[in-house]
Structures are given as C-alpha cells and as structure tokens.
Amino acid sequence: MRADRLVAALLFLQTRQRVTAAELAAELDVSERTARRDLEALASAGVPVYSQAGQGGGWSLVGGARTDLTGLTAPEIRELFLLTGPDAGASPQTRTALRKLVRALPSPLREGAEAAARAGISDGTDWTGTETEEARLAPLQRAVVEAREVRIGYARPGRDPHERTVRPLGIAAKAGVRYLVADTDRGLRTFRVGRVTSVTETGAPVVRPEGFDLAAVWRTLAARMEDRLVAATVRGRVAPGTEPVLEGLLGGRIRYGERTPDGWTAIEADGPSPEVVAARLAGLGGRVELHDPPEARTALARIGAELTALYGRPAAP
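The structure reproduced in this document is the subject of the present report. None of these values were measured; they are calculated from a predicted model. (Residues numbered from 1 in each chain as written. Predicted model: local features only at pLDDT ≥ 70, side-chain atom pairs only at ≥ 80, totals over all residues. Heavy atoms only, no water.)

### Structural notes on the pairing of strand β6 (residues 187–192)
Logical step 1: Direction of pairing for strand β5 (residues 177–184) relative to β6: antiparallel, over a ladder of six bridges. In the sheet register, Tyr 179 faces β6, and the bridge partner there is Arg 192.
Logical step 2: What sits between β5 and β6 in their antiparallel hairpin is a turn of two residues. (Pairing = 2+ DSSP bridges. Helix = DSSP H or I, 4+ residues; strand = E, 2+ residues; numbered from the N terminus.)

In structure tokens:
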C-alpha cells in the first residue's frame, strides 16, 4: 500500500546522500513514474525533500535531514505491529517496510515493536475450502492507489457471477469484512470484497470526485445498508435454551422480552423482510413461534410444507 511505500522511501532517502527515481523504483519494486509520484507526495506532505535536475542530480533530504520516527509513542508502535502481525501474515511490501521501520526506531522502542510483531498471526487459509478474499484484495487496493478503472466479476449469494465496470475510490472494513467503495454508472456503490470473483484493469484512469471524503461517504453508504438490514421486525417467542442459537443467527438484531411461566421468552427480531427473518429462524423448528406479521408466519408455513413434501415420504431406492 502507498503508506508502506512512503515510509520505505523516506528511510531509503536517509541512507543515501542523493537518489534517483530509478534507484528508488528498484528498491521499492515499482515503476519510475510511481517512485516519482511518491517523492512528490513526500514533498507535498512537508518532508524536506528536494530534487536537482541534470547530470548527477536526484532527490535529497534538505541538509541531510533525518527522522527516527520519534513522533510515534510506544503504545502506537505496539499497536501498529500488533495490527500487521508477524512476517507470515504480511505481504512482501509490508515486511520490507516494517523491517526498515524497526531499524529506524530508537533502541528503547525497538524491543517492544518486535515483541508485538510476534504476538499475533494472520492465517488466510479458509477451512471451508473456499478461496479467501486476499487474492482479490491486492489488485483492488492497487486500483484504488493508482486510480485505475477495473472490471470486476461479482457474485451475490444464490446468483451467478456477472461483470461490471467500476471506478475504485477506497477500501472500507466493517467488523472484519472488507468492502470496495466505487463509483459506477448508477452512482457510488459498495462491493463486498469476498464476493469479487475477478479483477481486470481497463486502463482507464479514475478521477476522484471533487472533495471526496472516504470516511464521510462510507458513513452514508453504511447507514443505507443498515437501514435495509432492519427494514422489518417480527415478533414471537422462543423455547428455553434457544437464546445462544438465536444470537448466532441474528446477532444484535434480536431483542428479548418477558419470560412466561412455561419458560418461553418473548422476542423481537429485525431483518430486511419478514420472509428473510422467517427463513433464518426456520431451522429452529418448534423451538420458535412467530406471532406477527402474517407474512412471517406464511413464510414458515411454506417452508414447513416444502420440507414435509420432500422428506415426509420414504426415500427413493
């Protein structure tokens, strides 16, 4: 990611009196154009970097300026390395940046950073046997950073994948799930990274909307999604001991009421529609009884009739 490269570029500048864009590109394993943009970004951010044209020219830190990154506090450094984890869970670019960052830290902080890096692990292997989202995340992040339009394959649950052209603007993470925020022909949209099946660059540049603020846009888009997730409420009751299963199915969208003398508990559950909530609860069988709205009861009756028709007769030889 670009933040990794900017830190690595700054530390590389510290080790040389003068560097060329080509040398930095080779060090960071990027194009000369990208290396030049990174150097310009450092200068724009207030880092005392200047360029000198002509034979023997290049980029230098003004007056040999150096940084040991002492602006970072010990808790901030530990949090950074806890977040990235050990080398086994990091990309090659991140590992390179972190090694350089460790070398640049004052010695009293270096031991804590190395201990934090060993304190966790990120394992991308999915025990269900399905492909993880990591393979799609990297090209999407690259498209955001380099402002490149992409064509993605996208598969919603229960539907076949279909392709669409999007203009990536950012990556957002919510409760461990990552989403691509992109401009489309229908306006700003979010795409769950785990449902992206392919990523292909079109070669067209992306022009970010004037004044675009990823955090503000995400708050607006997330609020819309949350409104859709709780558009309907169903009411009913559940048998004793059902609460842990309910919370696994519906999480924070379940609310409990009074417990009756027979041990059953009144509930309210939110979801996109009464039918969707009913389908989520159908597996509980007779341990749940919905009272309203009627659409929820009708959905449960239909599911029950379908299961009875399928499994209520002897299995075929």
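Once the structure has been displayed, the description carries forward.
### Details of the pattern of salt bridges
Logical step 1: In this structure the tally under the stated criterion is 14 salt bridges.
Logical step 2: Between Arg 167 and Asp 185 there is a salt bridge, with the nearest N and O atoms lying 3.6 Å from each other. With Arg 167 in strand β4 (residues 162–174) and Asp 185 in the loop between β5 and β6, the pair connects residues that are 18 residues apart, well separated along the chain.
Logical step 3: Residue Asp 185 is classed as exposed on the basis of its relative accessible area, which comes to 75%.
Logical step 4: For Asp 270, the salt bridge goes to Arg 255, with nearest N and O atoms at 2.6 Å. In this pair, Asp 270 sits in strand β10 (residues 265–271) while Arg 255 sits in strand β9 (residues 254–259), placing the two residues 15 residues apart along the sequence.
Logical step 5: On the basis of relative accessible area, Asp 270 is assigned to the buried category, the value being 11%. (Salt bridge = Lys/Arg side-chain N within 4 Å of Asp/Glu carboxyl O. Buried < 20%, exposed > 50% of the residue type's maximum accessible area, 1.4 Å probe, protein only.)

### Here's the deal with a positive patch on the surface
Logical step 1: Residues Arg 156, Arg 159, Arg 186, Arg 189, Arg 224 and Arg 228 make up a contiguous surface patch of positive charge.
Logical step 2: Relative to the helices and strands, Arg 224 resides in helix α8 (residues 214–229). (Patch = residues over 30% accessible without salt bridge, like charges linked within 9 Å, V, L, I, M, F, W, Y side chains within 5 Å. Areas by Shrake-Rupley, 256 points an atom, 1.4 Å probe, with all protein chains shown as cover. Lys, Arg positive; Asp, Glu negative; His and termini not counted. Charge placed at Lys NZ, Arg CZ, Asp CG, Glu CD.)

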